[in-house]
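For reference, the chains in residue letters:
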Amino acid sequence: MDKIAVLIPCYNEEKTIEKVVTDFKKALPDAVIYVYDNNSKDKTAEVASKAGAVVKREYQQGKGNVIRRMFREIDAECYIMADGDDTYPAEYAPQMCECVLEKGADMVVGDRLSSTYFTENKRPFHNFGNSIVRWSINKLFKSHIKDIMTGYRAFGYNFVKTFPVLSKGFEIETEMSIHCADKNLFVENVIIDYRDRPDGSESKLNTYSDGFKVLMTIGRLFRIYRPVAFFGLLSLMLTMLSAVFLIPVLVDFYQTGLVDRIPTLIVCGFCFLAAIISLFSGYILDAIKQKQKQDFEMQMINASVMRTRYNKQ
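The residue numbers shown here count from 1 along each chain, following its written sequence. Only residues with pLDDT of 70 or above have their local features reported here, since the model is predicted, and side-chain atom pairs are shown and tallied only from 80 upward, although totals for entire chains, interfaces and linings are computed over all residues. Excluded from the side-chain calculations are hydrogens and water; all other atoms, namely the structure's heavy atoms, are used.

## Quick notes on the overall build of the protein chain
Then comes step 1: Along the protein chain, the regular secondary structure elements total eleven helices and seven strands.
Then comes step 2: With respect to the principal axes defined by its C-alpha atoms, the protein chain has extents near 85 × 45 × 35 Å.
Then comes step 3: Relative accessibility thresholds used throughout: buried, under 20% of the residue-type maximum; exposed, over 50%; partly exposed, between the two (1.4 Å probe, protein chains only). Relative to its 313 residues, the protein chain shows a buried fraction of 45%.
Then comes step 4: In this description, contact between two residues means that some pair of their heavy atoms is separated by no more than 4.5 Å. For the protein chain, the proportion of contacts with a sequence separation of at least 24, taken over those separated by at least 6, is 77%.
Then comes step 5: When charges are counted, Lys and Arg are positive and Asp and Glu negative, with His and the chain ends excluded. Taken as the charge location is NZ of Lys, CZ of Arg, CG of Asp or CD of Glu. Here the protein chain contributes 40 positively and 38 negatively charged side chains, and the mean placements of these two sets differ by 4 Å. Strands here mean DSSP runs of E at least two residues long; helices mean DSSP runs of H or I at least four residues long; both are numbered from the N terminus.

## Here's the deal with the side chain of S143
Then comes step 1: Its place among the elements puts S143 in the loop between α6 (124-140) and β6 (153-156).
Then comes step 2: The class for S143 is buried, based on a relative accessible area of 9%.
Then comes step 3: Here a polar contact means two N or O atoms within 3.5 Å. Within protein one must be a hydrogen donor candidate and the other an acceptor candidate, and residues neighboring in sequence count only if both atoms are side-chain atoms. Side-chain polar atoms of S143 contact the side chain of N138, separated by 2.6 Å.
Then comes step 4: Look past the residues within four positions of S143 in its chain and what remains in contact with it is I137, N138 and A181.

## Topic: helix α1 (residues 17-27)
Then comes step 1: Taken together, the buried positions of α1 are I17, V20, V21 and F24. Down the axis of α1, the smallest arc covering the buried residues is 95°, so these residues share one side.
Then comes step 2: For α1, the secondary structure elements touched by its buried residues are β1 (2-10), β2 (32-37), α2 (44-50), β4 (76-81) and α4 (93-101). In this description, the arc belongs to the directions extending from the helix axis to the C-beta atoms.

## A short note on a nonpolar patch on the surface
Then comes step 1: A grouping of F253, V259, I262, L265, I266, F270, F272, L273, I276, L279, F280 and Y283 is seen on the molecular surface, where their side chains present a nonpolar patch of about 1,100 Å² in accessible area.
Then comes step 2: Top contributing element to the nonpolar patch by residue count: helix α11 (residues 262-312), with ten residues.
Then comes step 3: You can see Y283 is positioned in helix α11. The patches reported here contain residues having more than 30% relative accessible area and no salt bridge. Joining distances are 9 Å for like charges and 5 Å for nonpolar side chains (Val, Leu, Ile, Met, Phe, Trp, Tyr). Each accessible area value is a Shrake-Rupley result obtained with a 1.4 Å probe; residue values ignore everything except the protein chains displayed when judging cover. For this document, the term salt bridge refers to a Lys or Arg side-chain nitrogen within 4 Å of an Asp or Glu carboxyl oxygen.

Below you can see the structure in the form of structure tokens.
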């Protein structure tokens, strides 16, 4: 088991990967640098290998797929995850490692949004999107994570070996943040400087398509992690819809003693039944989620036992 492992997912980062590997080797001399090449069409893998990194490959396209492979294959007491585009300064890595190794943090977030991100990043829609995502997740999941979508993070062994990676692409960071908020894991925020990509280096993140995927991920995980709130809101909407269309029927009945809008009355009845079903579905799913939380705590204990065995060996 490595003491510290630096995980760098890469796709076409030939221009910057050498500097990234070199910077992390200077900042963390005892760390093992892993570069996972995700079907790059340039010389990313070759350059990373010459710089001293351990190069591996993931053939399923997408950052989420790469991180899934990393978490499965690498065992370490502390993990640093960073992008290969040289936007995250390596000098903050020791402080982030200290939070994991000394304080026992499950995840450490490299907070760009509290420092230079909004001035360095030249894509205004990215700035707006990051702010919206941070606000919505912290409100929906009652968390205090300062930067939801940062790619610069540190993890403990327990987190890596118990985190179920479901996302395939850039929405993976959002999934990590929501997972920590739901499972009440210990999250630390470390303010870091952010620098925009150097000239000639192009972002792989599409503002609109990937932004839409992130929003869909938030909605999906809100349904999974907060079923009472999600299905309760759906139940309320169905109840209000039923009531709005039922009022004219009741007014006619009060005035004439007759029900002329039979189809409307039937639809209102079905809407109200759907509202009741939705509400109880939320409570049933919440009971299942509570059982899953108990199982997760047992997985964390088992991961701790495995780490202890590794250390003894």
